[in-house]
Amino acid sequence: MVAAACRDAGVELVRTPREMTVVLAALSAGPGRPRTKGGASGARTAVFTDGGGHGAIAADAAEDAGLGVPELDAATQARLRTVLWEQSAVGNPVDLAGMGEQQPLSYAGTVAELLAADEVDAVLMTGYFGGYAASDGGLGGGPAGGSVLAEGETLAAEKIVTHLAAAPKPLVVQSMYPQSPSCRVLAGAGVPVFAATEDAARALSAMTGRAGGGAGELPEFPALPDPAAPLRDAGYHGVRTLLAAGGVPFPAAREITDEAGLLAAAGEFEGPYVLKALHLLHKSDAGGVALRLADREALLAAYREMHGRLGAPAYSVEAMADLSDGIELIVGVNRDPRFGPVAMVGLGGVLTETLRDVAFALAPVPAGRAEALLRGLRTAALLDGVRGRPAVDVAAAAAVIERITTVAAAHPEIAELEVNPLLVRPDGALALDARAVLG
């Protein structure tokens, strides 16, 4: 919760004084501001290098810092081909493959194309840049620092600064020669330059707004809503009614206490049906949930068996949701004594407590922030479809998360509110279960 509150307030958490200086250097940089507010982690980063080893290490460091290094699309790769030679790699990392030694301006041309690419949020340039002007004649038998190459490299640095001014995005440089004249040109223009790859990656994560609103921007999160009329009925259907009034969609359902009520409920909507025993914390573990009851006869048989075994005082008869191609999420809000309502979102269903793939944020959670939290889960790949399954409607899930957390934030008497599962399918999102605990 502390980490979530700091992130949402725009606070960068650091572990060492060295990391603090790296973040400060990044946040005080001049050009290259983030293009959007909101600070979602996973900014799409283009790694640009003049050596395959440098590129691989930098890509790993970027991902460790919470940045994404996706393959560039075909159109961007085609544009890069117009400024690079045949053996250059253009997928991501982008590798000059020796072209910089022959044509130093290829650095500037490549940076220009990457800054102009819509799918690139930030650029991490890494490797030998600055070495051509180095007085020691290169490293490990590399190219000697001659006046022509040195002048070309300095000119490349000046052009990079010009390109960055025209298309401002976060740009960080890691160089084996950070004190070289060409690197000092970049640093003088506000481009952070580091000797260590991990420092460059950490700086870039700060510049892309991984915590809060990004460099030079104040964070934006909604104020708490005015308190609503207190919830009096914290039972299952009382909580469903409260959430439904806030715009959270549920399947049709009726609370019943006997067979007559059960048959009447079955007449109000078509099967298949779900039967739930109420007033049980973990209904599934206790055998208090029966799914896919095809008709009234199956529903009645399930009720008699369940009631004889559990003797619950009440039950819920519900329309069975289509679970095919769906992903189950969990949305919870806990009222913390220091921070107020804090939301949790993650992978839901019966394995929530086992997998523990969840993320936190101050509530209420705007839909944009909710989608970023979902995209940041370890299991986020499931949302985009795996093994032949279609992608689900993450935007619809995010919108429902905003509604759930807004309801919770408007009810200070609720200590805990949970929707589990929130079913998200390719065609939308539907809450299947809910519970609340009053303070």
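Rules used in this analysis
Residues numbered from 1 in each chain as written. Predicted model: local features only at pLDDT ≥ 70, side-chain atom pairs only at ≥ 80, totals over all residues. Heavy atoms only, no water. Helix = DSSP H or I, 4+ residues; strand = E, 2+ residues; numbered from the N terminus. Contact = heavy atoms within 4.5 Å. Areas by Shrake-Rupley, 256 points an atom, 1.4 Å probe, with all protein chains shown as cover. Lys, Arg positive; Asp, Glu negative; His and termini not counted. Charge placed at Lys NZ, Arg CZ, Asp CG, Glu CD. Core = buried A, V, L, I, M, F, W, Y, C linked by side-chain atoms within 4.5 Å. Buried < 20%, exposed > 50% of the residue type's maximum accessible area, 1.4 Å probe, protein only. Axes fitted to C-alpha atoms, helices over the stretch in contact; angles between N-to-C directions. Parallel < 35°, antiparallel > 145°, perpendicular 65-115°, else oblique. Left-handed = near helix turned anticlockwise from the far one by under 90°. Nonpolar A, V, L, I, M, F, W, Y, C, P; charged D, E, K, R; others polar. Pairing = 2+ DSSP bridges. 1 Å grid on protein atoms, 1.4 Å probe; cavity = no way out; pocket = protein on both sides within 12 Å on 5 of 7 lines; lining within 4 Å. Points joined across faces, edges and corners; volume = space filled by probe spheres on them.

1. Remarks on the overall build of the protein chain
So, step 1. On a plain count of helices and strands, the protein chain comes out with 15 helices and 15 strands.
So, step 2. Summarising its shape, the C-alpha atoms of the protein chain cover approximately 95 × 45 × 30 Å along the three principal directions.
So, step 3. In the protein chain, the proportion of contacts linking residues at least 24 apart, taken out of those at least 6 apart, comes to 66%.
So, step 4. A total of about 19,300 Å² of accessible surface is found on the protein chain, and carbon and sulfur atoms cover 55% of it.
So, step 5. One finds the centroid of the 34 positive side-chain charges in the protein chain at a distance of 4 Å from the centroid of its 51 negative side-chain charges.

2. A look at the nonpolar core
So, step 1. Counting residues in each nonpolar core, the largest one holds 41 residues, and the members touching the most others are Leu243, Leu374, Ile404, Leu417 and Leu422.
So, step 2. By residue number, the principal contributor to this core is helix 15 (residues 394–409), which donates nine residues.
So, step 3. Beyond its immediate stretch of four places on either side in the chain, Leu243 contacts Val248, Phe250, Ile404, Val407, Leu417, Val419 and Ala434.
So, step 4. Membership of the second largest hydrophobic core comes to 33 residues, among which are Met99, Val120, Met125 and Tyr128.

3. What to know about the packing of helix 7 (residues 147–166) against helix 8 (residues 181–188)
So, step 1. The contact between helix 7 and helix 8 brings their axes to 8 Å, and the two run at 15°. With respect to each other, helix 7 and helix 8 are oriented roughly parallel. Every pair of crossing elements has a handedness; the one defined by helix 7 and helix 8 is right-handed. Of the residues in helix 8, those touching helix 7 at Glu153, Thr154, Ala157, Glu158, Ile160 and Val161 are Ser182, Val185 and Leu186.
So, step 2. Considered class by class, the residues forming the contact of helix 7 with helix 8 number five nonpolar, two polar and two charged.

4. Examining the environment of Cys6
So, step 1. Locating Cys6 in the fold gives a position in helix 1 (residues 2–8).
So, step 2. Here Cys6 is in contact with Val11 and Leu13, once residues within four sequence places are set aside.

5. As for the sheet that holds strand 6 (residues 253–256)
So, step 1. Taken in spatial order, the four strands make up an open sheet running 6-9-7-8, and their pairing is antiparallel. Each of the sheet's edge strands pairs with one partner strand only, and the pair in question is strand 6 and strand 8 (289–293). The sheet shows a mean angle of 15° between the axes of neighbouring strands, taken without regard to direction.
So, step 2. Across the sheet, helix 12 (residues 296–310) is in contact with strand 6, strand 7 (273–277), strand 8 and strand 9 (315–319); its angle to strand 7 comes to roughly 15°.

6. Quick notes on unusual backbone geometry
Outside of glycine, negative phi angles account for most residues, and trans bonds account for most peptide bonds.
So, step 1. Looking along the chain, the bond that leaves Asn92 and enters Pro93 is cis, with omega of 10°.
So, step 2. Within the secondary structure, Pro93 is located in the loop between helix 4 (74–81) and strand 2 (94–95).
So, step 3. With a relative accessible area of 14%, Asn92 lands in the buried category.
So, step 4. Positive phi is not limited to glycine here, since Ala97 has a value of about 55°.
So, step 5. Considering the arrangement of structural elements, one finds Ala97 in the loop between strand 2 and helix 5 (99–102).
So, step 6. Exposure remark for Ala97: the relative accessible area of 30% places this residue in the partly exposed category.

7. Quick word on the layout of surface pockets
So, step 1. Within this model, the largest pocket holds a volume of roughly 1,200 Å³.
So, step 2. Around the largest pocket, the lining is made up of 45 residues, and of these Ser284, Gly349, Asn420, Pro421 and Asp433 lie nearest the centre.
So, step 3. Class assignment of the residues belonging to the lining of the largest pocket gives a composition of 26 nonpolar, nine polar and ten charged.

8. Some words on the sheet that holds strand 1 (residues 45–49)
So, step 1. As summarised here, the arrangement of the five strands in space is 2-1-3-4-5, forming an open sheet in which the pairing is parallel. The open sheet has two edge strands, strand 2 and strand 5 (193–194), and neither has a second partner.
So, step 2. In the sheet, strand 1 pairs with strand 3 (residues 122–127) via five bridges, with the strands oriented parallel. Considered in strand 3, the bridge of Ala46 is made with Val123.

9. Structural notes on helix 10 (residues 236–245)
So, step 1. For helix 10, the buried fraction is high: seven of the ten residues fall into the buried class.
So, step 2. Listed as buried for helix 10 are Tyr236, His237, Gly238, Val239, Arg240, Leu242 and Leu243.
So, step 3. Residues of helix 10 that are buried sit in contact with strand 6, strand 7, strand 9, helix 15, strand 13 (414–425) and strand 15 (434–438).
So, step 4. A positive backbone phi angle near 95° is found at Gly247, which sits one or two residues after helix 10.

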